[in-house]
Amino acid sequence: MATQGQSPQGAQQSHGMIKRAVVSSFLFRLPPGQPTKPSVALFKRSEKVRTYRHHLAPISGSIDPTDPDPLAAAWRELCEETGLTPSDLSFWRTGKPFTFSDPSIGREWTVHPFAFRLKDPAEGGQGEAAIRIDWEHEGWQWYDPRTVLEDESLNTVPRLQDSLRRVWFEGTTNERAAKALATGLERLRADHESGAHELTAIALTVFRDFIAYTQNRLDAEWWNMVRMAAWHLIKNGRESMGAATQNAVLSVLAEIEGIMEQKTGPEQKWDRILVLIDFHLRNRANIAQQVKHSFISYLQSHFSSGGTQKDRLTILTMSSSSTIRDSILEVYDALGIHTLELRVLESRPLFEGASFASSLLSTFKSQSNPPNKKLHVRIYTDASAALAAKDVDIIMLGADRISAAKGVCNKTGSLPLVLSAKHVTPGVQIVVLSDLEKVNGMAGVIDDKLAEGNDPFEVSSAWRNDGVKGVQALESEVRASKSDQENLSVTVENIYFEWVPLDMVDAFICEEGVLEKDSIQEKSQKLGERVNRYFGDL
């Protein structure tokens, strides 16, 4: 925050009001296994700050022009004002931004709320001992967040309660609905094994439970609450894999809106709302089956010559996708291919490629296959992608997100795989197998610039297990706080996803067949309009 006498950075003057975009970062402490009973830290602002002296506040500050995004500003302010770094904290939630004016000081604030969770010593953090407040604060204390929302006697900065509600949504609903949403969000965030298709089914189930536990009245307040719960499932589950969830919950919201407008009694409306979510959950298997059929049709049209099917097919893939696994086996069974060679990259750091190969082998062995059917599985290290791509027919990728502007978001290593394959085997077909739920909307909830960073110790644990020398020294520097050594820092990057440009993909295969680039842009635009309809006024 700016000191007294300084001009606020990034401020704009308009009609006598200075406009400022700020971050509002709440620090939470979560008891193990009790995500619905957290404590939140509030900091008492000192005499030296420009505004709201002696008021309780989260860690806040202006978003500078040099900040790449609001979240980066939040991390910067946390480090400056409390000394906390990613070794002490884990990012927990994003709240939906909002704008308000305070005429008493001539400011219009656009607030970007965030929530962070303090790591305890069992997670490698220092707990409360890591908090070292600077001159902007004269003290801090843990509070029950419900008390903060309900106790009007607390001397807080303006609209603090609104910011808190946007990251701790559980405080706006009853205990059963709060628990369903909180445990559901934690389950989605922690699941690094399931694909987007499975995560969406989990999210829809959580959404159904939340709605079932809020059965009291179908009014505007309930509608706002349900829409905000849907927003949180998209944004604060696994945002990087949330495009499918976004599409699914928006479809459900559109149908709920139609039911609410029907001239029937509330009991009939409740029944129809729950039935429609159950229908969406059941219908997900049908979509996956349609994608498989489209893939079979694609292979029949591209890998036959004069009506004669190829006798051998070589496919290279990576990571883990149930849709790809089932499609490969179904294609092998449906087409007259005698030999299928499947090459798989191991997909570090969690080695999902090895798990994928094991799952496919188990499924294949459980089936009754003719003796002339031969399956060869070759597993390669990620670094040998070019060697693995030699003479393959198809590079087969899944998609966690499809953006009209950015391309296909998939597991890190996808772009090097595509580039090396195009070099060593120019005639290779780059095929993306995905359902249409993965298309992200223009100006949607999900930020296409998002790079999901994950626990660096997932990477270094493999080094430890293999006995690599010097691992402990590296991990020690990663855990070190900024104040320990100002002239030295070590980070281990563990980014799960990257983009493959649309122009590098030969075929997008979905439940509607082979999708053209123009169709992706059209669907993205329509989805953006739906996002604005249901979330724009929250």
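Quantities reported herein were computed from a predicted structural model and do not represent experimental measurements.

Trainee: Please clarify how the nonpolar core should be interpreted in this entry.
Mentor: One recurring pattern in soluble globular proteins: nonpolar side chains tend to sit buried together. If you look at the biggest cluster of nonpolar residues, it comprises 50 residues, and the most contacted ones within it are Phe 207, Ile 211, Trp 222, Leu 253, Ile 256 and Phe 535. Going through the elements one at a time, α4 (175–190), α5 (196–212), α6 (220–235), α7 (243–260), α8 (266–302), β19 (497–500) and α15 (517–535) are the ones with two or more residues in this core. Here this core gets ten residues from one element, more than from any other, and that element is α6. With near-sequence residues (within four places) excluded, Leu 253 lies in contact with Phe 207, Trp 223, Val 226, Arg 227, Ala 230, Tyr 534 and Phe 535.

Trainee: Would you take a moment to explain the domain arrangement of the chain for this structure?
Mentor: When the parts of a complex come together, some accessible area is lost, and that lost area is often taken as the interface size. One can read the domain layout of the chain as domain 1 (18–169), domain 2 (175–286) and domain 3 (289–444 + 498–536). Put simply, the middle of domain 2 and the middle of domain 3, counted by C-alpha atoms, are 29 Å apart. If you look at the interface, domain 2 gives 26 residues, while domain 3 gives 21 residues. For the pair domain 2 and domain 3, the two sides together bury roughly 1900 Å², of which 51% comes from carbon and sulfur. Considering only the surface of domain 2 that becomes buried against domain 3, Gln 246, Asn 247 and Leu 250 emerge as the three largest contributors, covering 25% of it. Viewed at the interface, domain 3 and domain 2 are joined by two salt bridges.

Trainee: Can you walk me through the sheet that holds strand β16 (residues 401–403) in this structure?
Mentor: Each strand in a sheet pairs with its neighbour through backbone hydrogen bonds, running either in the same direction (parallel) or in the opposite one (antiparallel). Read across the sheet, three strands follow the order β16-β17-β19 without closing on themselves; strand pairing throughout is antiparallel. Lying at the two open borders of the sheet, with one neighbouring strand each, are β16 and β19. When strand polarity is set aside, the average angle formed by the axes of neighbouring strands in this sheet is 30°. Of the pairings in the sheet, the one linking β16 to strand β17 (residues 407–411) comprises three bridges and is antiparallel in character. Bridging from a neighbouring strand, Arg 401 pairs with Cys 409 of β17.

Trainee: How should I be thinking about the confidence of the model for the chain in this particular structure?
Mentor: The predicted structure's coordinates, where accompanied by low pLDDT, should not be read in detail. Averaged over the chain, the pLDDT score is 87; the fraction of residues at 70 or greater is 94%. Confidence drops under a pLDDT of 50 for residues 1–10, and excluding neighbours within four residues, the segment shows 24 contacts in the predicted structure.

Trainee: What's the story with the pairing of strand β2 (residues 17–29) in this structure? I'm lost.
Mentor: Regular strands have side chains that alternate between both faces of the sheet. Of all 13 residues making up β2, ten are buried, and the element is well covered by its neighbours. Here β2 pairs with strand β8 (residues 107–118) via eleven bridges, running parallel. If you follow Phe 28 over to β8, its bridge partner there is Arg 117. Pairing of β2 with strand β5 (residues 59–62) involves four bridges; the strand directions are antiparallel. Bridge assignment links Val 22 to a residue of β5, and that residue is Ser 62. Bridge count between β2 and strand β3 (residues 39–45): three bridges; the pairing is antiparallel. From the neighbouring strand, Arg 29 faces β3, where its bridge partner is Ser 39.

Trainee: Looking at this model, I keep getting lost on empty space enclosed by the protein. Mind explaining?
Mentor: Using a probe with the size of a water molecule, rolled over the atoms, empty space left in the structure can be pinpointed. In total, this model carries six cavities of 30 Å³ or more according to the counting rule given. Size it by volume and the largest cavity reaches roughly 400 Å³. In terms of lining residues, the largest cavity is bounded by 33 residues, among which Gly 195, Met 241, Ser 320, Ser 321 and Asp 400 are the most central. Going through the elements one at a time, α5, α8, β12 (312–318), α9 (322–334), β15 (394–397) and β17 are the ones with two or more residues in the lining of the largest cavity. Looking at the second largest cavity, its volume works out to about 230 Å³. Lining the second largest cavity we find 18 residues, and of these Val 22, Tyr 52, Ser 60, Val 157 and Pro 158 sit closest to its centre. Mapped onto the lining of the second largest cavity, the elements with two or more residues apiece are β2, β8 and α3 (160–167). Ranked by the residues each element gives to the lining of the second largest cavity, the list is headed by β2, at three residues.

Trainee: Help me out: how do you make sense of the packing of aromatic side chains in this one?
Mentor: Geometrically, a pair of aromatic rings is defined through the distance of the ring centres and the angle of the planes. A full pass over the atoms with the stated rule returns twelve aromatic pairs. When the ring of Phe 98 is compared with that of Phe 100, the centres are 6.1 Å apart and the planes differ by 20°; the resulting orientation is stacked. For the pair shown, Phe 98 and Phe 100 are each scored as buried. Ring geometry for Trp 223 against Tyr 534: centres 6.2 Å apart, planes inclined by 85°, an arrangement best described as edge-to-face. Placement of Trp 223 in helix α6 and of Tyr 534 in helix α15 is noted, with a sequence separation of 311 residues between them. When its relative accessible area of 4% is taken as the criterion, Tyr 534 is described as buried. Three or more aromatic residues joined by ring pairs make a cluster, and in this case those are Trp 75, Phe 91, Phe 114 and Phe 116. Above the ring of Trp 92, the side-chain terminus of Arg 93 is found at 4.2 Å from the ring centroid.

Trainee: Looking at this structure, how should I read the side chain of Glu 81?
Mentor: The topology assignment puts Glu 81 in helix α1 (residues 70–82). Here Glu 81 is buried and forms no salt bridge, its nearest opposite-charge partner Arg 45 lying at an N-O distance of 6.0 Å. Here His 137 takes part through its side chain, which lies 2.7 Å from a polar atom of the side chain of Glu 81.

Trainee: Looking at this structure, how should I read unusual backbone geometry?
Mentor: Negative phi characterises most residues that are not glycine, and trans characterises most peptide bonds. Residue Arg 348 is joined to Pro 349 through a cis peptide bond whose omega torsion reads 5°. Inspection of the secondary structure puts Pro 349 in the loop between β13 (339–345) and α10 (352–366). The phi dihedral of Arg 159 is positive, around 60°, even though this residue is not glycine. With relative accessibility at 35%, the residue Arg 159 sits in the partly exposed group. Positive phi, normally seen in glycine, also occurs at Asp 391, with a value near 65°.

Trainee: Mind showing me how you'd approach the environment of Ala 357 here?
Mentor: Along the chain, the position of Ala 357 falls in helix α10. You can call Ala 357 buried: its relative accessible area is 1%. For the pair Ala 357 and Thr 156, spaced 201 residues apart in sequence, the C-alpha to C-alpha distance is 55 Å. Leave out the neighbours within four places in its chain, and Ala 357 touches Val 344, Val 377 and Ile 379.

Each value, and the rule that gives it
- For every chain, the first residue of the written sequence is number 1, and numbering continues from 1 along that sequence.
- In keeping with the predicted nature of the model, local features appear solely for residues at pLDDT of at least 70, side-chain atom pairs appear and are counted solely at 80 or more, and the whole-chain, interface and lining totals rest on all residues.
- As a convention, hydrogens and water are excluded, and side-chain values are obtained from all of the structure's heavy atoms.
- For our purposes a nonpolar core is just a set of buried Ala, Val, Leu, Ile, Met, Phe, Trp, Tyr and Cys residues, chained together by side-chain atoms within 4.5 Å.
- Only protein chains enter the accessibility calculation, which uses a 1.4 Å probe; a residue whose area is less than 20% of its type maximum is buried, one above 50% is exposed, and one in between is partly exposed.
- Strands here mean DSSP runs of E at least two residues long; helices mean DSSP runs of H or I at least four residues long; both are numbered from the N terminus.
- What makes two residues a contact is simply this: any of their non-hydrogen atoms within 4.5 Å.
- The domain boundaries here were taken from an automatic or database domain assignment.
- Put simply, buried area is the surface a 1.4 Å probe can reach on two separate parts but cannot reach once they are joined, added for both.
- Basic side-chain nitrogens of Lys or Arg form a salt bridge, by our definition, when they fall within 4 Å of a carboxyl oxygen of Asp or Glu.
- Two strands pair under a simple rule: DSSP has to find at least two bridges between them.
- All axes here are fitted lines through C-alpha atoms, helices being fitted over the stretch that makes contact, and every angle between N-to-C directions spans 0 to 180 degrees.
- pLDDT is a residue-level measure of predictor confidence that goes from 0 to 100.
- A pocket here means an open set of points on a 1 Å grid, computed over the protein atoms alone, that has protein on both sides within 12 Å along at least five of seven lines. A cavity is instead a set of points where a 1.4 Å probe fits but cannot get out; residues with an atom within 4 Å of a point line either one.
- Grid points are joined across faces, edges and corners, and a volume is the space filled by probe spheres set on the points.
- Two rings from Phe, Tyr or Trp (for Trp, the six-membered ring) form a pair when their centres sit within 6.5 Å of each other. Planes less than 30 degrees apart are called stacked, planes more than 60 degrees apart edge-to-face, and all others tilted.
- When the NZ atom of lysine or the CZ atom of arginine is within 6 Å of a ring's centre and also within 35 degrees of its normal, the charge is said to sit over that ring.
- Here the positive residues are Lys and Arg and the negative ones are Asp and Glu; neither His nor the chain ends is included.
- Nitrogen and oxygen atoms within 3.5 Å of one another constitute a polar contact, given that in protein one can donate a hydrogen and the other can accept it, and given that sequence-neighbouring residues count only through two side-chain atoms.

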